[in-house]
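Structural overview
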Amino acid sequence: MAKDEWKRVSLSLSEKADNLLRTVARRKGDLSEGLRTAILNTNWDEVELVKRRKTYQKFLRTSFAISVPVYEKLKESARNSGVEVSVLIDAIIIAYYSRPHDNP
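Keep in mind the model is a prediction, meaning the values are calculated, not measured.

Calculation criteria
- Residues numbered from 1 in each chain as written.
- Predicted model: local features only at pLDDT ≥ 70, side-chain atom pairs only at ≥ 80, totals over all residues.
- Heavy atoms only, no water.
- Buried < 20%, exposed > 50% of the residue type's maximum accessible area, 1.4 Å probe, protein only.
- Helix = DSSP H or I, 4+ residues; strand = E, 2+ residues; numbered from the N terminus.
- Arc of directions from axis to C-beta.
- Contact = heavy atoms within 4.5 Å.
- Salt bridge = Lys/Arg side-chain N within 4 Å of Asp/Glu carboxyl O.
- Axes fitted to C-alpha atoms, helices over the stretch in contact; angles between N-to-C directions.
- Parallel < 35°, antiparallel > 145°, perpendicular 65-115°, else oblique.
- Phe/Tyr/Trp six-rings, centres within 6.5 Å; stacked < 30°, edge-to-face > 60°.

On to helix α1 (residues 15–22). Note on helix geometry: an α-helix contains 3.6 residues per turn, so any two residues three or four positions apart are oriented the same way. Within α1 the residues assigned to the buried category are Ala 17, Asp 18, Leu 20 and Leu 21. The arc that holds the buried residues of α1, viewed along the axis, is 165°, so those residues lie on one side. As for α1, its buried residues are in contact with β1 (6–14), α2 (30–40), β2 (59–67) and α4 (85–98).

The following block contains the structure:
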């Protein structure tokens, strides 16, 4: 069985996305798992992408590990949408964790 290659990705998250993500994080590593869960269980084409202003917005830095093939797909989707990967992931987090889940 081939071992997946992983890439560490640094993100700038909006306060809303960061707060939603941290509601599911109970232990070390939960943020990364929460990010991967949202990314893999959300239709990226249906999320609401919000253009970012460089001023007057607070962004919170975090990082997580993701498989290289999934990261490459994220980059391609972001490029096709005309946004940075952080903007796409921010929108994915908000879309996924704003809807009700039986077991987030």
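As a further point, take the pattern of salt bridges. According to the stated counting rule, one finds three salt bridges in the structure shown. Between Asp 18 and Arg 22 there is a salt bridge, with its nearest N and O atoms 3.0 Å apart. Of this pair, Asp 18 and Arg 22 both sit in helix α1, four residues apart, roughly one helical turn. Residue Asp 18 is classed as buried on the basis of its relative accessible area of 6%. The class of Arg 22 is partly exposed, set by a relative accessible area of 39%.

Moving on, we get to the packing of helix α3 (residues 68–81) against α4. Packing of α3 against α4 leaves a shortest axis separation of 9 Å and a crossing angle of 100°. Of the possible angle classes, the one that applies to α3 and α4 is roughly perpendicular. Counted together, Tyr 71, Leu 74, Lys 75, Ser 77 and Ala 78 of α3 and Val 85, Leu 88, Ile 89 and Ile 92 of α4 form the full contact between these two elements.

Our next topic: the packing of aromatic side chains. Taken as a whole and judged by the stated rule, the model has one aromatic pair. Here Tyr 96 and Tyr 97 contribute two aromatic rings whose centre-to-centre distance is 4.7 Å and whose plane-to-plane angle is 90°, an arrangement assigned as edge-to-face. The class of Tyr 96 is buried, set by a relative accessible area of 7%. Note on Tyr 97: relative accessible area 10%, which makes it buried.

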